[in-house]
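Given next are the chains, with one letter for each unit.
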Amino acid sequence: MKTAITIFHDAVNDELELDAHLQEAQVEASQNVICHKSQGLSNNTTELEKNLEEAELAIYYFFNNKFDEAKSIVLPHANTSMYHSMGRAMFSFLEAILTFERAHILQAGDELRSCLDICQKYRHKNTISESIGKKLKRTAYSALSDMEAHAELCMAEALLLQALLIFAEDESLTTLIKGGVQINHCYNNYKECTLTLSNREWQSQISKIHFESGVRMGMGTFNLMISLLPASVIKLLQFIGFSGDRDAGLEDLNRGYKTSGLRQVLCALTLLGYHLIVCYILGHQEGDLVLCDDILQTQLEKYPHGALFLFFKGRLEFMRGNLVTAEHWYKMSWRSQNVWPQFHHLSFWELLLKVDWREASLYASHLVESSKWSPTIYSYQKATTMLMLPNLTHNENQIIDTLMTTAPTYKQRIAGKSLPMEKFVCKKIERYFCQGKWLCLPAVELMYVWNTFTVLSKQHSLADGIYQIIERKFNELKNIKTQRIYDADNIALCLLLRGAFYRQMKKNLLAIKDLKECIALKNAVKDDKYIIAFANLEAGLIYADENQVDLAINTLEKIKKQYTSFSLESRLHFRIHTALMDLRKRVAK
């Protein structure tokens, strides 16, 4: 018989053996959990990389005008994969923005909502303890998988597209607020993605590269866009959490362009748009044409038939003053594809700026007949190019009258607001009829308003042609004996145009003389108050060119205080803002 002590020892040994078995089982279970989790992460990483690879191929096809091939990649998995869903939504978004047809806008809205739902499924789901902890400390970025990180990025992009679509879809105040909330949400998502990029270990380097290109594109574009807004608007945006830094934005976009990530092409297009269009329309200094040349060489090797890159190549040559070469590239752009005829309109618009008024009116006709972006502006643009023609026939005069009569009926409202340029056009049309169906240098005035005078110093034959047109009209007006109601407005316009011409040709003394004469007509000008404000801007820019920094700053600041409620006021404030940014940076150095 076993003694009590023996029985006790046996029981202890049995218990120890059981504990050992339990510990073994726990270790094995833990290892299985880790193994399954690791296997799940590995599967997710493989799935993500495959989706990214297919998205990259779809982008390659899209920018080489192979739209059907691009769609055939994204559509089969658009209901399950966030990148395929984003591709499908992007196609619909582009179609909606290009056509402005309500059916396309509604379809794009549905597909963006579907994309957001799919992104939501892939987002990281916090436990109760994680949710509580998140309130008390920073997000645990290391807890995110690569797939979950990309879900946040795709969500930010879809929110941005959805906000832009909201503005196009309706014009009520409710819509404006809703769109603003969406953009704020999107901006916060991008900021979180920036922290995610640098605060976690990535399972896949490929995944990280693609993620980084998206973060650089998003934050770079936000910073750049916000930095261009007038100071009063920036203060309001800073109050609700936005901030903008032009240099930081350009740095992000450059870094995004230099990666091999999925959004590299979008970074390239944003940089081209900024340096070749925004700088000239909203600013007074040239964009970085050397960088643009480098980008276009690279992108045209990859996308030799890409309509957008061919267009930007034409724009680059235009800004260099090579008008014949520019026309060649613009024509290549519109001949490169027929699926998206709206892309042709970009080239037609640029070709309107030629001084060959007869040919320009033909391009204007294409826009009037086929583009829905702004029939008001296009109709007026065609009428102005025809008004520059000598010896108009009776039929041509009738066409002009019809264009001027119908243009205001197409006036649009975006996000509840009339477009400033359309309001300007409608005022000019009123003037046309008030002056007995006549306008003073209407096409040259539009060239100035769109800030294409910057090309004049690089193309002397064009510059001479513009100068002769202004000079002839100015002399005609001075020699008219009978006083008319808008004489001061028309003479002030000629002085502004000639002064701006002289500034571009670096003839500053002549420019200042004309601009001061123009400003002296301030009380005599009846309607075109914008002319006086812009004459002051031109004078301020001359002082900046001559390095009279304090005088330039004072002149530009004074404009904002002295002149309000005139046509194109917001455009003037954009230009003043960019000029002051550069001047203050000069002072800081």
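Residues numbered from 1 in each chain as written. Predicted model: local features only at pLDDT ≥ 70, side-chain atom pairs only at ≥ 80, totals over all residues. Heavy atoms only, no water.

Draft legend 1. Structural detail: the overall build of the chain. A tally of helices and strands in the chain yields 26 helices and two strands. In the chain, which comprises 589 residues, the proportion classed as buried is 52%. Look at the contacts in the chain between residues 6 or more apart in sequence, and 69% of them connect residues 24 or more apart. Approximately 28,500 Å² of the chain is accessible, and the part contributed by carbon and sulfur atoms is 56%. (Helix = DSSP H or I, 4+ residues; strand = E, 2+ residues; numbered from the N terminus. Buried < 20%, exposed > 50% of the residue type's maximum accessible area, 1.4 Å probe, protein only. Contact = heavy atoms within 4.5 Å. Areas by Shrake-Rupley, 256 points an atom, 1.4 Å probe, with all protein chains shown as cover.)

Draft legend 2. Spatial organisation of the packing of helix α2 (residues 67-74) against helix α3 (residues 82-99). Running from amino to carboxyl end, α2 crosses α3 at an angle of 140°, the nearest separation of the two axes being 8 Å. Here α2 is positioned oblique relative to α3, judged by the angle of their axes. Of the two elements, α2 crosses α3, and the hand of that crossing is left-handed. The segment α2 lies against α3, with F67, A70, K71, I73 and V74 engaging H84, G87, R88 and F91. For the contact of α2 with α3, the per-class residue count stands at five nonpolar, two polar and two charged. (Axes fitted to C-alpha atoms, helices over the stretch in contact; angles between N-to-C directions. Parallel < 35°, antiparallel > 145°, perpendicular 65-115°, else oblique. Left-handed = near helix turned anticlockwise from the far one by under 90°. Nonpolar A, V, L, I, M, F, W, Y, C, P; charged D, E, K, R; others polar.)

Draft legend 3. Quick peek at the side chain of E111. Turning to its location among the elements, E111 is positioned in helix α4 (residues 102-122). Of the side chains with opposite charge, R88 lies nearest to the buried E111, which makes no salt bridge, at 4.2 Å. With near-sequence residues (within four places) excluded, E111 lies in contact with S85, R88, A89 and S92. (Lys, Arg positive; Asp, Glu negative; His and termini not counted. Salt bridge = Lys/Arg side-chain N within 4 Å of Asp/Glu carboxyl O.)

Draft legend 4. Molecular detail of unusual backbone geometry. Even without a glycine there, the phi angle at N391 is positive, about 55°. Here N391 shows up in the loop between α17 (375-387) and α18 (394-406). The class for N391 is exposed, based on a relative accessible area of 75%. Residues other than glycine seldom take positive phi values, yet N451 does so here, at roughly 65°.

Draft legend 5. Spotlight on the packing of aromatic side chains. In this structure the tally under the stated criterion is 22 aromatic pairs. Consider the rings of F424 and Y530, whose centres lie 5.5 Å apart with planes at 85°: the pair is edge-to-face. Residue F424 is found in helix α19 (residues 420-434), and its partner Y530 is found in helix α24 (residues 529-545); the two are separated by 106 residues along the sequence. For Y530, a relative accessible area of 2% puts it in the buried group. A network of ring pairs unites the aromatic residues Y60, Y61, F62, F63, F67, F91, Y303 and F309 as a single cluster. For R484, the ring lying beneath its charged end belongs to W438, and the centroid distance is 5.8 Å. (Phe/Tyr/Trp six-rings, centres within 6.5 Å; stacked < 30°, edge-to-face > 60°. Lys NZ or Arg CZ within 6 Å of the ring centre and 35° of its normal.)

Draft legend 6. Structural detail: the pattern of salt bridges. Under the definition given, this model contains 29 salt bridges. For the salt bridge of E317 with R320, the shortest nitrogen-to-oxygen distance reads 3.1 Å. Of the residues examined, E317 reaches a relative accessible area of 6% and is grouped as buried. Here D528 makes a salt bridge to K428, at a shortest N to O gap of 3.2 Å. Here the residue D528 occupies a position in the loop between α23 (508-520) and α24, and K428 occupies one in helix α19, the gap between them amounting to 100 residues. Taking relative accessible area as the criterion, K428 reaches 5% and is therefore assigned buried. Three or more residues are tied together by salt bridges with common partners; here these are K428, R431, E445, D489 and D528.

Draft legend 7. Quick look at helix α20 (residues 442-449). Within α20, eight of the eight residues are buried, which leaves it mostly tucked inside the rest of the structure. Among the residues of α20, those classed as buried are P442, A443, V444, E445, L446, M447, Y448 and V449. Following α20 by one or two positions, N451 adopts a phi angle in the positive range, close to 65°.

Draft legend 8. Quick peek at the state of the cysteines. The tally for this structure, following the rule as stated, stands at zero disulfides. Cysteine C292 remains unbridged, with the sulfur of C279 as its closest cysteine sulfur at 8.3 Å. A residue is classified by how much of its surface remains accessible, and C292, at 0% relative accessible area, is buried. We note that C440 lacks a disulfide partner, and the nearest cysteine sulfur, in C494, lies 3.8 Å from it. The class of C440 is buried, set by a relative accessible area of 4%. (Disulfide = S-S within 2.5 Å.)

Draft legend 9. Highlighting α2. Every buried residue of α2 is accounted for by F67, A70, I73 and V74. The arc enclosing the buried residues of α2, seen along the axis, measures out at 120°, which places them on a common side. (Arc of directions from axis to C-beta.)

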